[in-house]
Amino acid sequence: MTFSVSYAGREGGGVYLRLAGELDMSTAGELTATIDRLAADGERRMLLDLTDLTFCDSTGMAVFVRGDNRAAADGGWLRLTGATGAVERVLRVTGLAEVLRYQPDSVDPASRSAS
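Residues numbered from 1 in each chain as written. Predicted model: local features only at pLDDT ≥ 70, side-chain atom pairs only at ≥ 80, totals over all residues. Heavy atoms only, no water.

Asks: Just checking my understanding: could you explain the pattern of salt bridges for this structure?
Replies: Close approach of charged atoms lets side chains of opposite charge pair. Inspection of every chain in the model, using the stated rule, returns seven salt bridges. Salt-bridge contacts for D49 lead to R18; the nearest nitrogen and oxygen are separated by 3.0 Å. Of the two residues, D49 is situated in strand β3 (residues 45-56) and R18 in strand β2 (residues 15-23); the sequence distance between them amounts to 31 residues. For D49, a relative accessible area of 1% translates into the label buried. Note on R18: relative accessible area 30%, which makes it partly exposed. In this structure, R92 and E88 form a salt bridge, with 3.0 Å as the shortest nitrogen-oxygen distance. Residue R92 and its partner E88 are both found in helix α3 (residues 85-94); the two are separated by four residues, about one turn of the helix. Residues participating in the shared-partner salt-bridge network are R18, D49 and D52. (Salt bridge = Lys/Arg side-chain N within 4 Å of Asp/Glu carboxyl O. Helix = DSSP H or I, 4+ residues; strand = E, 2+ residues; numbered from the N terminus. Buried < 20%, exposed > 50% of the residue type's maximum accessible area, 1.4 Å probe, protein only.)

Here's what the structure looks like:
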């Protein structure tokens, strides 16, 4: 399966990223590049919707942590929402669900803030 990441601005600021497919060593670079590009453009608050993410290995988890660290260094944050199945289980088992303030319900970027 392939991996894709799309994004749109959020009402009230920040950006909403929707991930789909498998996030692993071969695809993590695409997400890293997107996060880096958005951060360079001044985005400090990033909400990642994992609803359509079917797999995420440790490389993908490291991208989440790196993205949050980068955003936090600039006074922002990276948050996760919508994970299911094995992806949600890994977030909880590793403790990243708490670190990244995981919210299981998808957040509509046009309706409310994730802060």
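Asks: Would you take a moment to explain helix α1 (residues 28-40) for this structure?
Replies: What sets the pattern is the α-helix's 3.6 residues per turn: residues three or four places apart point alike. For α1, with 13 residues, the first-to-last C-alpha span of 18 Å sits near the 18 Å given by 1.5 Å per residue. Elements in contact with the buried residues of α1: β1 (3-9), β2, β3, α2 (58-73) and β4 (77-81). G42, located one to two residues past α1, shows a positive phi value of around 100°. (Expected span 1.5 Å × (residues − 1). Contact = heavy atoms within 4.5 Å.)

Asks: Any chance you could explain the sheet that holds β1 here in plain terms?
Replies: Paired through backbone hydrogen bonds, the strands of a sheet run either parallel or antiparallel to each other. Strand order in this open sheet of four strands is β1-β2-β3-β4, and the pairing throughout is mixed. The strands lining the two open edges of the sheet, one partner per strand, are β1 and β4. Neighbour to neighbour, the strand axes of the sheet diverge by 20° on average, direction disregarded. The pairing of β3 with β4 spans five bridges and is parallel. Each residue of the ladder has a partner; that of D49, found in β4, is T81. Those strands touched by α1 are β1, β2, β3 and β4, and its axis lies near 15° from that of β1. On the sheet, α3 packs against β3 and β4 and is oriented at approximately 120° with respect to β3. (Pairing = 2+ DSSP bridges. Axes fitted to C-alpha atoms, helices over the stretch in contact; angles between N-to-C directions.)

Asks: Sorry if this is basic, but what is going on with unusual backbone geometry here?
Replies: Both trends apply: most residues other than glycine have a negative phi, and most peptide bonds are in trans. Located in the positive-phi region is R101, a residue other than glycine, with phi close to 50°. Turning to its location among the elements, R101 is positioned in the segment after α4 (96-99).

Keep in mind that these numbers describe shape and distance, not what the molecule does.
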